[in-house]
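Coordinate inspection notes
Here is how the chains run, residue by residue.
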Amino acid sequence: MSDIHHPGRRSVLAAGVASAAALGGSWLLTGCSGAQAAPVLPAAAEKGAPDRGGTLRIARPPASDAETLDPASSLSAYEYLGALYNRLVRVAANGELAPDLAESWETDAKARTWTFRLRKGVAFHNGRAFTSADAAYTLRHILDKATASPQAAVLAPLIDPEKLGTPDAHTLVVPLKSPNAEFPSLLTHYNCYVIPDGSAKSIGRTGIGTGPFKLESFAPAGPGRVTAYKDHFAGRPVLDAIAFYSVADMSARSNALLAGQVDLLSQTNLDFATARVVAASDRATIARVKNAQWYVLPMLTTEKPFTDVRVRQAMKLAYDPEHVVKVALQGAGTAGWDNPVPPSDPAYISAHPKHDPEKAKYLLKQAGHEGLAMDLYTSSYDPLFTPMALAYQDSAKRAGIRIKVKTASADSYYTQIWMKKPLMATYWFTGRPVDQLFTQIFRSGSSYNETAWSDKTFDAVLDKARAEIDDTKRRELYGEAQTLVIEKGGAMTPMFADRLVGISRKVRGYAEHGFEFDYLGIGLKGA
Amino acid sequence: MLSFITRRIAAAVGTLFLSSVLVFLAVQALPGDVATQILGKDATPDAVAALRTKLNLDQPAWERYGHWVWGALHGDFGTSLVSGKAVGGEVSMYLGNSALIAVVTVLFAVTGSIVLGILAGLYRDRWPDHVISTVSLVGMSVPEFVVATVLVLCFSVALPWFPAVVLYGPDATVSQLLPAVWLPALALAVVMAAYIVRMARTSVIDVMATEYVTTARLKGLSTWRVVTRHALPSALLPTLHVIALNVAWLVGGVAVVENVFNYPGIGKLMLSSVQNRDLPTIQAIALISAVVYVVCNLAADLATMALNPRLRTRGRTR
């Protein structure tokens, strides 16, 4: 579950409470500090080096009461994973792959077999040395049906668990069923953290990894604590410990930050009202994660009228993404122009058709849907859904498209509305490597294909790209794939939004992008 | 009198039976299939089908209802679909935490509001009455989560006297929870007290206008004595019912307030169970709330009867 809509279906029933509380908060605080203009949201967190030591207190939404520390599980307690474990490969801030437990990797001329050279002298928290057997076991654990890992759907078509090779303690050989030049990028997923050989049954409780922190305590949907692992291969983390608290309600999380009970709100995209209150506080401030979330208005291509590609094109040409960014995000983000690949991705292409309501009108007339009227479903699941829907509605009016925004219940939104209603609002976290993004969300028949789009040309381009080991040529092919999604696909991508993260003014060295969080460098001033 | 009690108890049992049926039906009507909700979006159709069989969702509804009520009568509420633990134990742990808030709330609300109500009644239409009546009207109209949020902003954020949220889990000890109890209790007490203040005020005004109070005054008794010895007992009688109803209301109001404070009580358990579609837990909480409601009402009725001579003897004079 945490894979897609990260802040889970967990915390939202009382979203009404949250927004009302935020409003209450803002009038109270502005009342206290005199009639000032709303503070401008800071662009970045406080600069400067942290002091060594101290305990960082993080409030997080629990995944569910059945949470586990098994990284492969769909119910894993996300914030613990990066602290406790390492992957073979991670994503650097520039979107390129970077070594983690694997120091280097190479493939044969056909991208059929991948060889990973593993870091030497790394030990798990229980003192056992990390070897290629652990890396192979981790992959087999993810592919094991009993684990029910969301990442299995991506890896199973590629890997035969029986054929993984470990010629020596520090070499892992992965033969693929079909060529894939982007294979290492699939191992950056947070379900792919490396666990010790044979630990499937116990890992959910013990949390034994090679990461910068080791587990002291953990309670599902409750409090937990990790302490610095001094023998970590990249050196010891700045902090002595991290205390995790699970707080389901979003307004309760921001209250805890304002009251100084916690230092960082994880997986919480603050709404603008709350963000202003937090930024105005003496104790806390806002850090932005640039383009962290990618917002979508999926059109179900199996439902009328979206079965007709002209209608889909008209829906896209009809609205102005810049207008949506201005209205729904108050400028805190980037226009998407219906391309789901984030601008920070190395494969990103910036070309796109211009906003053209007249052409949209013409296409609709051609398709026999002049003056199209549609219901667009949203919910309070995410604070930006409804503003985005209303901005779309407003913008598409000029093309004669009449949109009725309907609000559905937040807690059953992803079981009742998503992938069921022809037009609705949703979002994903950015940070997926381009191959994973296209394979998981746009390829025919894939598990998260939320527009049910099926296009043979697109699938063929994807296959060709995967088999292409020349980096430049491969990027061109992924560019072609983007053009197909923009021109023929069912997903409208109005915007990439910055995530507004509430942190204490004492926090230094906070760095987060995609699914990467810098646990080593984060610390506190005056801890 | 005995027949009145029997009838009243029979009615209570009937109410409970009806509420168990309604609870069961309402939970069945929750949107979203339980199996998909539990397994998440990544579930395969096979896994969903297997879970449906495991949860007996393929059996007819009346059969599942019978099974559930039979278990509940024996104190067995089944196992949680999410944590896999016995629902009875889970619910009582959270219920215990909520009871802590409830006790403090009732103490705050009852003592505070009776004193205020009597003052308002005695100073009828003078400034203390105006102040108390206005404030209680406001308290009545503002939802509890707003009161709670304002209290947090004043007493946790601006003045750091109390914690804004509870960071402990449901197994927290009483001493860990105690500092966090006051604000939620105060928020609930403010909303709850308003009704009791209004009721107490009216009763005091009524009683003070009666002949026996006038007689007592003419006898030369001090106002204090008249109020405590003669007026108060009669004035409290109708208030009792309002208090009982409000205690029952606490069960619901606590859900909202606990969420604002992240307090590990029954209200929070209810919210997360609804989100997770943890049917056995939702059903158990709903049924227990119904029991609290019915028992509070029954107790209020019986206590009123015990205290009111006219009601007590009605059966015989007819």
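The preceding data block contains the structure.
Keep in mind that what you see is a predicted model, and the values were worked out from it rather than measured.

Next up on the list: the pattern of salt bridges. All names here are of chain A. This structure, assessed with the given rule, holds 23 salt bridges over all chains. Arg310 serves as the salt-bridge partner of Asp308, at 3.0 Å between the closest nitrogen and oxygen. Given the relative accessible area of 31%, Arg310 is considered partly exposed. Here Lys488 makes a salt bridge to Asp455, at a shortest N to O gap of 3.5 Å. Here Lys488 is found in helix α16 (residues 471-488), whereas its partner Asp455 is found in the loop between α14 (434-441) and α15 (456-467), with 33 residues between them in sequence.

This part takes up the packing of helix α5 (residues 87-122) of chain B against helix α11 (residues 223-261) of chain B. Residues and elements named next belong to chain B. Two elements in contact, α5 and α11, have axes separated by 9 Å at closest approach and are oriented at 140°. Taken together, α5 and α11 sit at an angle that is classed as oblique. When the axes of α5 and α11 are compared, the crossing they make is right-handed. Counted together, Ser98, Ile101, Ala102, Thr105, Val106, Val110, Ile114, Ile118 and Leu122 of α5 and Val227, Leu232, Leu236, Ile243, Val247, Leu250, Val254 and Glu258 of α11 form the full contact between these two elements. Split into classes, the residues belonging to the contact of α5 with α11 amount to 14 nonpolar, two polar and one charged.

Using the criterion set out here, one finds 33 aromatic pairs over all chains in the structure. Ring centres of Trp418 of chain A and Trp428 of chain A lie 6.5 Å apart, and the angle between their planes is 65°; this geometry places the pair in the edge-to-face category. Here Trp428 of chain A lies in strand β16 (residues 426-429) and Trp418 of chain A lies in the loop between α13 (413-416) and β16, a separation of ten residues in the sequence. Taken together, a centroid distance of 5.4 Å and an interplanar angle of 70° make the contact between Phe24 of chain B and Tyr65 of chain B edge-to-face. Of this pair, Phe24 of chain B sits in helix α1 (residues 2-28) while Tyr65 of chain B sits in helix α4 (residues 61-73), placing them 41 residues apart in sequence. For Tyr65 of chain B, a relative accessible area of 16% translates into the label buried. Directly above the ring of Phe429 of chain A sits Arg499 of chain A, whose terminal nitrogen or CZ lies 4.3 Å from the centroid.

Next up on the list: the sheet that holds strand β7 (residues 171-175) of chain A. Residues and elements named next belong to chain A. What the four strands build is an open sheet, ordered β4-β5-β7-β6; its pairing is antiparallel. Every interior strand has two partners, whereas the edge strands, β4 (102-107) and β6 (165-168), have only one. Taken pair by pair, the neighbouring strands of this sheet meet at an average axis angle of 20°, ignoring direction. In this structure, β6 lies alongside β7, joined through two bridges in antiparallel fashion. Within the sheet, the bridge partner assigned to Asp168 lies in β7 and is Thr171. Lying over the sheet, helix α3 (residues 132-143) contacts β5 (113-118), β6 and β7, oriented at roughly 30° with respect to β7.

Reading the values: the criteria
Residues numbered from 1 in each chain as written. Chains lettered and ligands numbered in written order. Predicted model: local features only at pLDDT ≥ 70, side-chain atom pairs only at ≥ 80, totals over all residues. Heavy atoms only, no water. Salt bridge = Lys/Arg side-chain N within 4 Å of Asp/Glu carboxyl O. Buried < 20%, exposed > 50% of the residue type's maximum accessible area, 1.4 Å probe, protein only. Helix = DSSP H or I, 4+ residues; strand = E, 2+ residues; numbered from the N terminus. Axes fitted to C-alpha atoms, helices over the stretch in contact; angles between N-to-C directions. Parallel < 35°, antiparallel > 145°, perpendicular 65-115°, else oblique. Left-handed = near helix turned anticlockwise from the far one by under 90°. Contact = heavy atoms within 4.5 Å. Nonpolar A, V, L, I, M, F, W, Y, C, P; charged D, E, K, R; others polar. Phe/Tyr/Trp six-rings, centres within 6.5 Å; stacked < 30°, edge-to-face > 60°. Lys NZ or Arg CZ within 6 Å of the ring centre and 35° of its normal. Pairing = 2+ DSSP bridges.

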